[in-house]
Amino acid sequence: AVACIASDGPRAVRRIVEISTAGRAPSNDPALFALALAASAEDAPTRAAAFAALPEVARTGMHLFHWVHYMQGFRGWGRGPRTAVAQWYTKRPAAVLAYQLLKYRSRDGWSHRDTLRLAHPAPPTATHDYLFRYATRETLEVGTPSRVAPDRDVVAFVEAVASLARLKPDAAAQTIAQHRLTREMVPTELLTHASVWDALLPAMPLTAMIRNLGVMSACGLLVPHSQATKTIAARLGDREALRAARIHPIAVLAALKTYAQGHGVKGKNTWTPVSQVVDALDAAFYLTFDNAPATNRRVMLALDVSGSMASPVFGMDYLSCREASAAMALVTAATEPNHQFVAFT
């Protein structure tokens, strides 16, 4: 990445955006790291391109915190980072921003209070001003546009999330369903109840749904032939939804391996796998193949089959290097017409 940025920084930034927005990597973190590296380059056009690309690569609050964490490891908070982060907040519609503020509250030692106080954005509307005050728990001194009342729907959304801490499970489930809240907005003690997960399911993003299949089975929501099980199987079978959510084949394979074994890698949570869900995950793995575009070049797929490949993938203890390499080879074979497999030890 360093060599690419030094050679042609703006081109490297365009490539980062391309890979990130197409969902062609199992994780967005490498793209965020590379973008932070570009934002710290000596070349001014490269830095400008990196800052301009921030909203495309850092699409969520969690992404923003990752990028800020990486960026501060390379450089300080100058005018460029402050402007880029400020625009990340001010360019979003208020309703979208409220969702990000409440779903992703902190990560990597950063919170919205930290980034807003450093970037010091001028709120473009009264509703943005309300959200900035809510996130920072204080008055921002710059550019309050007026004392016009904030949007009622946004205020109701924020108040609904705050109310969950004092509600019983069934009442919380009603609030969650009414306002289409997400798991991250729900207090931990409520996440052991099937009614709460049932209320979360209709609006649950696909990535979150795939990650929480075990939890939903453990709490009793997912059982054979239940409506929730049918809903999940249908969503996993939706090719267009999988593409829109940028679901990577490796993410599905990791979920399949974890769910089918009936317990997580960390913690003591256990569940009885539901065969309908296992089958749906297996089918979804193949449906995500066309998320990787073909190059139409001649490709040799050389797979290491030595004993060392039984080691787990770094950061994915439930997935061996052998399984991951075979899965990626299958993805390539399914999209590249001119391929050949070979094995080596």
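The structure this text deals with has already been given above.
Given the structure is predicted, the values throughout are model-derived calculations rather than measurements.

Caption draft 1: Representation of the packing of helix α16 (residues 249–261) against helix α18 (residues 321–335) in the model. Look at α16 against α18: their axes get within 10 Å of each other, and the N-to-C directions meet at 135°. One finds that α16 runs oblique with respect to α18. For the element pair α16 and α18, the recorded crossing hand is right-handed. The segment α16 lies against α18, with Pro249, Ile250, Leu253 and Lys257 engaging Glu323, Ala324, Ala327, Met328 and Val331. When the residues that make up the contact of α16 with α18 are grouped by side-chain class, the tally is 7 nonpolar, no polar and 2 charged.

Caption draft 2: Local environment of the nonpolar core. Grouped together as the largest cluster of nonpolar side chains are 95 residues, with contacts concentrated most on Leu35, Trp67, Tyr89, Met216, Leu222 and Leu281. Among the elements that make up this core, the one with the highest residue count is helix α2 (residues 29–39) (8 residues). Non-local contacts of Leu281, meaning those with residues more than four positions away in its chain, are made with Leu213, Leu236, Val252, Ala255, Leu256 and Tyr259.

Caption draft 3: Geometry of the environment of Asp129. Turning to its location among the elements, Asp129 is positioned in helix α8 (residues 126–136). Judged by its relative accessible area of 5%, Asp129 falls in the buried class. Separated by 193 residues in sequence, Asp129 and Arg322 have C-alpha atoms that sit 51 Å apart.

Caption draft 4: Layout of the pattern of salt bridges. Evaluated as defined, the whole model comprises 5 salt bridges. Arg243 is the partner of Glu240 in a salt bridge, and the nearest nitrogen-oxygen pair spans 2.6 Å. Of this pair, Glu240 and Arg243 both sit in helix α15 (residues 239–244), separated by 3 residues, roughly a single helical turn. The closest approach of N and O atoms between Lys257 and Glu323, which form a salt bridge, is 2.7 Å. Separated by 66 residues along the polypeptide, Lys257 in helix α16 and Glu323 in helix α18 bring together distant segments of the chain. Since its relative accessible area comes to 29%, Lys257 is described here as partly exposed.

Caption draft 5: Region of interest: empty space enclosed by the protein. As enumerated under the stated definition, the model contains 2 cavities of 30 Å³ or more in all. Quantified by volume, the largest cavity comes out at close to 60 Å³. Taken together, Leu181, Thr182, Arg183, Glu184, Leu200, Ala203, Met204, Pro205 and Ala208 form the lining of the largest cavity. Within the lining of the largest cavity, the residues separate by chemical class into 6 nonpolar, 1 polar and 2 charged.

Caption draft 6: The arrangement of the packing of aromatic side chains in detail. Tallied over the full model, the rule gives 10 aromatic pairs. For the ring pair Phe285 and Tyr286, a centre distance of 5.1 Å and an interplane angle of 75° mean the geometry is edge-to-face. Residue Phe285 is classed as buried on the basis of its relative accessible area, which comes to 6%. Measuring from ring centre to ring centre gives 5.3 Å for Tyr286 and Phe289, while their planes differ by 55°; the resulting arrangement is tilted. Here Tyr286 falls in the partly exposed class, since its relative accessible area comes to 45%. A network of ring pairs unites the aromatic residues Phe33, Tyr70 and Phe74 as a single cluster. Positioned over the ring face of Trp88 is Arg92, at 3.9 Å from the centre of the ring.

About the thresholds
- Residues numbered from 1 in each chain as written.
- Predicted model: local features only at pLDDT ≥ 70, side-chain atom pairs only at ≥ 80, totals over all residues.
- Heavy atoms only, no water.
- Axes fitted to C-alpha atoms, helices over the stretch in contact; angles between N-to-C directions.
- Helix = DSSP H or I, 4+ residues; strand = E, 2+ residues; numbered from the N terminus.
- Parallel < 35°, antiparallel > 145°, perpendicular 65-115°, else oblique.
- Left-handed = near helix turned anticlockwise from the far one by under 90°.
- Contact = heavy atoms within 4.5 Å.
- Nonpolar A, V, L, I, M, F, W, Y, C, P; charged D, E, K, R; others polar.
- Core = buried A, V, L, I, M, F, W, Y, C linked by side-chain atoms within 4.5 Å.
- Buried < 20%, exposed > 50% of the residue type's maximum accessible area, 1.4 Å probe, protein only.
- Salt bridge = Lys/Arg side-chain N within 4 Å of Asp/Glu carboxyl O.
- 1 Å grid on protein atoms, 1.4 Å probe; cavity = no way out; pocket = protein on both sides within 12 Å on 5 of 7 lines; lining within 4 Å.
- Points joined across faces, edges and corners; volume = space filled by probe spheres on them.
- Phe/Tyr/Trp six-rings, centres within 6.5 Å; stacked < 30°, edge-to-face > 60°.
- Lys NZ or Arg CZ within 6 Å of the ring centre and 35° of its normal.

Keep in mind that these numbers describe shape and distance, not what the molecule does.
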